[in-house]
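Survey of secondary and tertiary structure
Here is how the chains run, residue by residue.
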Amino acid sequence: MTVHRTRMRALLLATSAAGLIVSGCSTTADAAPRSTAATISQSEAQQGAQQHPQLLQEFGGAMSGPQAQYVEQVGKNIAVQSSLSNARDAFTVSLLNSSVNNAFAIPGGYIYTTRQLVGLMNNEAELAGVLGHEVGHVAARHAQRRQSTATKNSILGALGSILAGAVLGNSQVGQAITSGIQQGSQLLTLKFSRSQELEADRLGIQYLQRAGYDPRAMGTVLQSLALQNALDASLQGRNNASVPQWASTHPDPASRVQSALRTAGAATGVTNRDTFLTRIDGLVYGDDPAQGVIEGRQFIHPTYRLSFSAPTGFYMVNGTQAVSIQGQSGQAQLTTAPYNGNLDTYVRQAFASLSQNQQVAPQSLQRTTVNGIPAVFGTARVNSGNSQVDVVIFAYEFASNQAFHFVTISQAGRSSVFSPMFNSMRRISANEAAQVIPRVIDVVTVGSRDTVQSLAARMAYTDAQEQRFRVLNGLTGNQTVTPGQKVKLVVRAR
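Residues numbered from 1 in each chain as written. Predicted model: local features only at pLDDT ≥ 70, side-chain atom pairs only at ≥ 80, totals over all residues. Heavy atoms only, no water.

A tally of helices and strands in the protein yields 16 helices and 17 strands. Look at the contacts in the protein between residues 6 or more apart in sequence, and 71% of them connect residues 24 or more apart. Working note: accessible area of the protein is about 19400 Å², and carbon and sulfur atoms make up 46% of it. (Helix = DSSP H or I, 4+ residues; strand = E, 2+ residues; numbered from the N terminus. Contact = heavy atoms within 4.5 Å. Areas by Shrake-Rupley, 256 points an atom, 1.4 Å probe, with all protein chains shown as cover.)

This is the structure:
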């Protein structure tokens, strides 16, 4: 969660178990004709300029410094290959401070990638391929061609895609509740068809070739995303590596790896691997302490000075503006809203905001104290098809102008699964807050005695060190490392 003065909007980001990286893609076949890129129109430039500040805010803001300048340089270099404009200054390329694997582009020449996704890449050609794929969607006018089927699926994903699928199904009640939860983001995205997705891959490969890059990089970065997806699923206790997909709409990247490699064929080009690794050395990886961090089942926010623990068997996903808690028996998120000093009013307003189509109100409100923090909670039982669900809002007053609240949904009568989480909310000390140190990418040169195992042991994680190291460095099967080779580690910032 990012600090935005005294509040954050109620948003749930898509998980970092991402597929590649376009705003709103679907798996529905749609054999649309190929399009010829046109130049950026004045109206598109104006539209992009209006949306740009909103997108930066939703994704934790634009980073600055040498790493951001490098991404901008590569992004502009690939964007001019699209014929949208021959002027590099016609494009705005932003490196976003987000721990979600994500990238996208919008009409008007605006291109984005998150630092987390950059950290997963292994060479400059992969970076160019990802950004070229996104530019390909814009150049082919995919968004315009799908305008008639536009849906309010936030670029950031939707709590509804997780909650409704696990508990509420596709009932009207479920859709009403979840549309209210995601209303913090008013940005619209489109579900691109599978054929459009593959077309963007092909266009990205063409741009790579024109720029002199190895076109096979599109396939290798898709492979890394597929491996990361599977690893995240394993670490989170899910048995399906493709669910939840990126933004709940993107086809599994694993299904596109071979297609991309076939399209690239035997063509070759530069990858600039060592240059890329040198330039991203020191990049923050994973949670930024300014947005809070997840350590095992514990979430700690050093700025807000709060911490809580997820229930046993649940996993958490931290986004730039909200934290989701997900499990088989229920789903939840922690967020905040404007607070005027009255917790009862705060909770009632939180319930009212859940649905724009019908009233969702608590049966009663109860006051309590959790670890010295004043709290109020309420439950609403809602019909969902042939069953019922319980929606709980549990709010805490941290200051006269600052409150936080959980929203949970579970099957009727089973909301107690979240009681340990509700009761775990606590303030943390200044000393505990100071102990929250970010993880960063550390590029090292493999020594003569180094092995995958010895290098992985230096990773700043207590679990799955070797698996994390292999995915981070694109090592598949039994691939080993070679003395003199540069590799990435994830370590605590010094």
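Right, picking up where we left off after that structure.
This part is about the pairing of strand S11 (residues 365–370). In this sheet, strand S12 (residues 373–384) lies alongside S11 in antiparallel orientation, the contact comprising six bridges. Along S12, the bridge assignment pairs Gln 366 with Phe 377. (Pairing = 2+ DSSP bridges.)

Turning our eyes to something else, we now look at the sheet that holds strand S1 (residues 92–96). Reading across from one edge, S1-S3-S2 is the order of the three strands in this open sheet, with mixed pairing throughout. Strand pairing shows two members of the sheet lacking a second neighbour, S1 and strand S2 (103–106), which therefore form its edges. Each neighbouring strand pair of the sheet contributes to a mean axis angle of 15°, computed without reference to strand direction. Bridge count for S2 against strand S3 (residues 110–114) is four bridges, and the pairing is antiparallel. (Axes fitted to C-alpha atoms, helices over the stretch in contact; angles between N-to-C directions.)

This next bit is on the packing of aromatic side chains. Within a pair of aromatic rings, the relevant descriptors are the distance that separates the centres and the angle that separates the planes. Summed over all chains, the structure comprises 15 aromatic pairs. With a centroid separation of 4.9 Å and 5° between ring planes, the pair formed by Phe 377 and Phe 394 is classed as stacked. Taken together, the residues span a long stretch of sequence, with Phe 377 in strand S12 and Phe 394 in strand S13 (residues 387–399) at a distance of 17 residues. On the accessibility criterion, Phe 394 (5% relative accessible area) is buried. Both rings, one in Phe 394 and one in Phe 422, keep their centres 4.6 Å apart while their planes meet at 20°; by these two values the pair is stacked. Of this pair, Phe 394 sits in strand S13 while Phe 422 sits in helix H13 (residues 419–424), and the two are 28 residues apart along the sequence. We classify Phe 422 as buried; its relative accessible area is 5%. Taken together, the aromatic side chains of Phe 299, Phe 308, Phe 314, Phe 377, Phe 394, Tyr 396, Phe 406, Phe 418 and Phe 422 make up a single cluster linked through ring pairs. Sitting above the plane of the Tyr 461 ring, Arg 468 keeps its charged end 4.0 Å from the centroid. (Phe/Tyr/Trp six-rings, centres within 6.5 Å; stacked < 30°, edge-to-face > 60°. Buried < 20%, exposed > 50% of the residue type's maximum accessible area, 1.4 Å probe, protein only. Lys NZ or Arg CZ within 6 Å of the ring centre and 35° of its normal.)

In the Ramachandran plot, Asn 272 falls in the positive-phi region, its phi being about 55° despite a non-glycine side chain. Phi angles above zero are rare outside glycine, and Asn 371 is one such case at about 50°. Mapped onto the fold, Asn 371 is located in the loop between S11 and S12.

To continue, consider helix H12 (residues 343–352). Leu 343, Tyr 346, Val 347, Ala 350 and Phe 351 are the residues of H12 that are buried. The buried residues of H12 occupy one face: seen down the axis, they fall within an arc of 135°. On the buried face of H12, the contacting elements are strand S10 (330–336), S11, S12, S13 and strand S14 (402–411). For H12, the side-chain oxygen to backbone nitrogen distance between the N-cap and Asp 344 is 3.0 Å, and the N-cap itself is Asn 342. (Arc of directions from axis to C-beta. Polar contact = N/O pair within 3.5 Å; in protein donor to acceptor, adjacent residues only side chain to side chain.)

Before going further, it helps to spend a moment on the nonpolar core. Among the nonpolar cores identified, the biggest contains 64 residues, and Leu 127 and Phe 469 are the most heavily contacted of them. With eight residues, the single largest contributor to this core is helix H4 (residues 124–139). With sequence-adjacent residues up to four places away left out, Phe 469 is seen in contact with Val 452, Leu 455, Ala 456, Met 459, Leu 475, Val 481, Val 487, Lys 488 and Leu 489. Formed by 26 residues, the second largest nonpolar core is a distinct cluster that contains Val 323, Ala 332, Ala 375 and Val 392. (Core = buried A, V, L, I, M, F, W, Y, C linked by side-chain atoms within 4.5 Å.)

Let's shift gears to the confidence of the model for the protein. For the protein, per-residue confidence averages 80 on the pLDDT scale, and 77% of positions sit at 70 or higher. Per-element mean pLDDT across the protein ranges from 34 in helix H6 (residues 159–168) up to 98 in strand S15 (residues 426–427). Every residue in residues 147–190 scores below 50 in pLDDT, and together they form 102 contacts with partners more than four places removed in sequence or on other chains. (pLDDT = per-residue confidence, 0-100.)

Now for the pairing of strand S8 (residues 315–318). Both faces of S8 are covered, namely the face carrying Tyr 315 and Val 317 and the face carrying Met 316 and Asn 318. When S8 meets strand S9 (residues 323–327), the two strands line up antiparallel, connected through four bridges. Within S9, the residue paired with Asn 318 across the bridge is Val 323.

Look at helix H8 (residues 194–211) against helix H9 (residues 217–235): their axes get within 9 Å of each other, and the N-to-C directions meet at 130°. Taken together, the axis directions place H8 and H9 in an arrangement best described as oblique. On H9, the residues touching Asp 201, Gly 204, Ile 205 and Leu 208 of H8 are Ala 217, Met 218 and Leu 222. Residue composition of the contact of H8 with H9, grouped by class: five nonpolar, one polar and one charged. (Parallel < 35°, antiparallel > 145°, perpendicular 65-115°, else oblique. Nonpolar A, V, L, I, M, F, W, Y, C, P; charged D, E, K, R; others polar.)

Let us look at helix H10 (residues 257–264). Residues spaced three or four apart along an α-helix point in a common direction, a consequence of the helix completing one turn every 3.6 residues. Looking at H10, one finds that the buried residues are Val 257, Ala 260 and Ala 264. For H10, the arc enclosing every buried residue in end-on projection is 70°, short of the 170-degree limit, so these residues lie on one face. The inward-facing, buried residues of H10 abut H8 and H9. At the exit of H10 stands Gly 265, carrying a positive phi of roughly 65°.

For the structure shown, the criterion picks out ten salt bridges. Residue Arg 439 is joined to Glu 295 by a salt bridge in which the shortest nitrogen-to-oxygen separation is 3.4 Å. A residue pair is termed long-range when its members are at least 10 positions apart, and Arg 439 in strand S16 (residues 439–445) and Glu 295 in strand S5 (residues 293–295) qualify at 144 residues. Note on Glu 295: relative accessible area 29%, which makes it partly exposed. The salt bridge partner of Glu 466 is Arg 470, with a shortest N-O separation of 3.2 Å. Taken together, the residues Glu 466 and Arg 470, both in helix H16 (residues 465–472) and four residues apart, mark about one turn of the helix. Under the relative-accessibility criterion, Glu 466 is labelled partly exposed at 28%. The class for Arg 470 is buried, based on a relative accessible area of 14%. Each of Glu 72, Lys 76 and Asp 89 takes part in one network of salt bridges that share partners. (Salt bridge = Lys/Arg side-chain N within 4 Å of Asp/Glu carboxyl O.)

This paragraph deals with the packing of H8 against H10. What describes two packed helices is the angle between their axes and the distance between those same axes. The geometry of H8 relative to H10 is characterised by a closest axis approach of 10 Å and an angle of 40° between their N-to-C directions. It follows that H8 is oblique to H10 by the angle criterion. Pair H8 / H10 crosses with right-handed handedness. Along the contact surface, H8 presents Leu 198, Arg 202, Ile 205 and Gln 209, while H10 presents Ser 259, Ala 260, Thr 263 and Ala 264. Grouping the constituent residues of the contact of H8 with H10 by class yields four nonpolar, three polar and one charged. (Left-handed = near helix turned anticlockwise from the far one by under 90°.)

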